Each structure stands twice: as structure tokens, then as C-alpha cells.
Amino acid sequence: MRAAAWTLVAAAIGSGCASTRYAPRDLPYLKRVQRSNEILWQAGTRTEPFNPFGDGLARMVADVPEARALADEARSDTWTGVLLAIAGPLVMSGGPALVFATADDPSDLSSGEAILLTTSLLGGMLMTFTGLAHSVSARSRELDAVNVYNDTVWERHGLLPAPQAAPPP
Amino acid sequence: MNAAVAVAVALAVAPACTFSQYRPRPGPFISQVQALSGPQWVVEGRSYPASPLGSGLAQAVAAVPEARAYAEESQNDAVLAAITVPLGTMLLAGGLSTFLISSALDDDPLSGGKGALTLSLMAAGLSASAAGVFFAVSSEARQMDAVNLYNDTMWLRTQGAP
């Protein structure tokens, strides 16, 4: 039964079902593509690796400053999100571990120990939530960078109506 | 104290500005934004929920039948992943529990009927989990296909190609 199940999975993966089937045209707008099982950013014939921690997206959209700033923000938020998501649980578990390991009487904590315990728990929780928010923010900024860049490309090729003029003050 | 923590959390989270600052412009191309209500597909000024389990993408790209077919495949794969991943995890957990219980009761937990049950549960759990990961990756690939095919088609149509 095990061999049959693995054969089924291997056959499905080997058949290329999990890869993209459509090969996008070399049109100048920015998109995500898959080439040789690697995910890439592509605009025209230029490609960069799709890596939220790297600056591939920033390089792809470099000629549109607003998009570039958003791509830089996305990368910065990705790093902040990951660091806080790791540091938060460490602080949440490390603080209490330190308090109980060093307390003279773990069943009767001193006020200093109680403050350290509470601070590490709340601080760790705050760091974790903030990390999560930064991770969501990174994804939003990434989408923004792509959309702003593509609006510029589509507008340059006359494929989008010009933005409406701002109302007079 | 609770209020102070809530304020601290709000202050820490608010500057991160977790939603899209970009406002989509009405046009023939499909784009994804992170709205207050969650991720959305936006095309021709209309928004569709971007949940992988829902039919938002298929509705958004309905004007291009081949892209719609890819979007439907993506949705089917996402549903299969949502079923097989938890199923695999449960089977693995069942196999592990059986192994631990057998270990506590017997010297040789992998022998006899209990051993066969343990190994079967773990093998089935691993297979289901692997299949789930495959379906999740496939769903993402089909989603990319749907979006790229749709936008390529729209580009060619707006340039006057048939």
C-alpha cells in the first residue's frame, strides 16, 4: 500500500503537474513565472529570482521610483517580520525559564521576578504579533510594487486610461 | 495594564500599515491587492475574493476560457490540499500515538497486528501529507498560469490582436 501511494505521488510530481504549464510571452509587464522549477520575476526578457528576502523585485522595478520604494519596504518588512517572529517566542519562553531557573523559591516569586516574568511574556507576545503584522505588510507592499510598476507599463503602452486629474482645491 | 498593552500593540502594528496603499485603476488586466477585507483580485474595477479555496479567480478571468480552466484547476487542487494535509497529519499522529501506546505495553511495538497498524497509519499519513504538499504547489502553479495567460491575452486583445 505504501509503495503504491508513493508511486502515485512520484508519478504526479514527475509528470510535471505541479509546475506551470503556460509559458508567458515576453511582454514588458511584471509577472511571476516558473522556469526549470524556479520561481522568477519576469518583465520582457529580464528575469530576477523570486525571493522575498532578496532585492530581485527592487531591481526589476528600479526604473519606477515609487515601485522601487515599495519593493524596498517589502524586503525590509520581510526581514523585520521573520526576526520578530523568531525573537518573540524566544523571549516568551526564555524569560519564564530564566525566572524559574534562578528563583530561590519558584512557588513564591519576588516582585522583581514577577515583573520580569510578566514583561517577558507580554513583550514576547507583542514581538510575535508585530512580526506577523510586518509579514502581512511585506506581502501588501510587494503587491503594491508590482501593481504600481505594471500601471506604468500599461499606461506607457496606452493600455490604461490616464489617471483622473485631482479635483481643484 | 491591559489597556497599556493594547495601546502598545496598536502602536507597534499600525505603522506597519498592513494593507495595500495602492488603489487599482480600472483596466482590462488582473491584479491582486491586500484589502481590509482580505486579499482581492481586481479586474475592470471589480473585486473578487482571492481565497484559494473560492471561485474568485475563476470569476475574475472568466472572459478568457483557458485562463478560467486553469483557475478552476487551481481551486480544485487547493481543496484537495486542504483535505489531504490535515488528513495526513491526523494519520501520522494516529500512527505515532499507536506506536507510543504499544511501546508502553510491549517490548516490541512494531511486531504483530499492532505493529502493522502503526506502520500502515504512518505510511498512509506520510503519503497523504506528500500528496497534500503536491496539490498545494500545483494550485499555486495553476494560479500563476491563469493570471499570466489572462493578462497576456488582454494585452494582445487591447493591441488589436484576435
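Check the entry above for the structure.
Before going further, it helps to examine the overall build of chain B. Check the secondary structure of chain B and you find 4 helices and 3 strands. Each helix (α) and strand (β) of chain B, taken in turn from the N terminus, gives the series α-β-β-β-α-α-α. A separation threshold of at least 6 residues defines the contact pool for chain B, and within that pool the share at least 24 residues apart is 50%.

What follows covers the sheet that holds strand 3 (residues 46–49) of chain A. All names here are of chain A. Strand order in this open sheet of 3 strands is 1-2-3, and the pairing throughout is antiparallel. This sheet does not close on itself; its edge strands, each paired only once, are strand 1 (30–35) and strand 3. This sheet shows a mean twist of 35° between the axes of neighbouring strands, independent of strand direction. Two strands pair when backbone bridges link them, and strand 2 (residues 38–43) and strand 3 are joined in this way by 4 bridges, in the antiparallel orientation. By the bridge assignment for strand 3, Leu40 is matched with Pro49.

Turning next to the packing of helix 3 (residues 65–102) of chain A against helix 4 (residues 111–156) of chain A. Residue and element names in this part refer to chain A. The contact between helix 3 and helix 4 brings their axes to 6 Å, and the two run at 160°. The angle between helix 3 and helix 4 falls in the class roughly antiparallel. The interaxial crossing formed by helix 3 with helix 4 has left-handed handedness. Of the residues in the contact of helix 3 with helix 4, the class split is 22 nonpolar, 15 polar and 7 charged.

As a further point, take the interface of chain B and chain A. With 38 residues of chain B at the contact, the number on the chain A side is 42 residues. Of all the secondary-structure elements, those providing two or more residues to the side of chain B that touches chain A are helix 1 (2–13), strand 1 (31–35) and helix 4 (112–158) of chain B. Sort the elements by how many residues they give to the side of chain B that touches chain A and helix 4 of chain B lands first, with 18 residues. For the side of chain B that touches chain A, the residue count by class is 22 nonpolar, 13 polar and 3 charged.

This part is about the nonpolar core. One finds A:Ala145, B:Val61 and B:Ala146 to be the most contacted residues of the largest nonpolar core, which totals 52 residues. Broken down by secondary-structure element, the contributors of at least two residues to this core are strand 2, helix 2 (56–60), helix 3 and helix 4 of chain A together with strand 2 (38–43), helix 2 (56–60), helix 3 (65–105) and helix 4 of chain B. At 14 residues, helix 4 of chain B tops the list of elements feeding residues into this core. When residues no more than four places from it in sequence are discounted, the contact partners of B:Val61 are B:Ile30, B:Ala67, B:Arg68, B:Ala71, B:Ala146 and B:Tyr150.

As defined by bridge partners, strand 2 of chain B adjoins strand 3 (residues 46–49) of chain B across 4 bridges and the pair is classed as antiparallel. By the bridge assignment for strand 3 of chain B, B:Gln40 is matched with B:Pro49.

Rules of the game
Chains are numbered independently. Their residues run from 1 in the order of the written sequence. Working convention: letters from A go to chains and numbers from 1 go to ligands, in the order in which they are written. At least 70 in pLDDT is required for a residue's local features to be given in this predicted model, at least 80 for side-chain atom pairs to be given and counted, and no such filter applies to totals for whole chains, interfaces and linings, which use all residues. A run of H or I in DSSP counts as a helix once it spans at least four residues, and a run of E counts as a strand once it spans at least two, with each numbered from the N terminus. Our contact criterion uses C-beta atoms placed from the backbone: two residues qualify when those atoms are within 7 Å. Note: two strands are recorded as paired if DSSP finds a minimum of 2 bridges between them. In this description, a line fitted to the C-alpha atoms serves as the axis of each element, helices being fitted only across the stretch in contact, and the angle between N-to-C directions of two axes falls anywhere from 0 to 180 degrees. If an angle is under 35 degrees, it is roughly parallel; if it is over 145, roughly antiparallel; if it lies from 65 to 115, roughly perpendicular; otherwise it is oblique. Note: crossing handedness is left-handed where the near helix turns anticlockwise from the far helix by less than a right angle, and right-handed where it turns clockwise. Only Asp, Glu, Lys and Arg are considered charged in this grouping, and only Ala, Val, Leu, Ile, Met, Phe, Trp, Tyr, Cys and Pro are considered nonpolar; every other residue, Gly among them, is considered polar. Among buried residues, those of type Ala, Val, Leu, Ile, Met, Phe, Trp, Tyr and Cys that are joined through C-beta atoms within 7 Å form a set called a nonpolar core. The burial label depends on the number of other C-beta atoms within 10 Å of a residue's C-beta. Counts of 20 or more mean buried, 12 or fewer mean exposed, and intermediate counts mean partly exposed, with C-beta atoms placed from the backbone.

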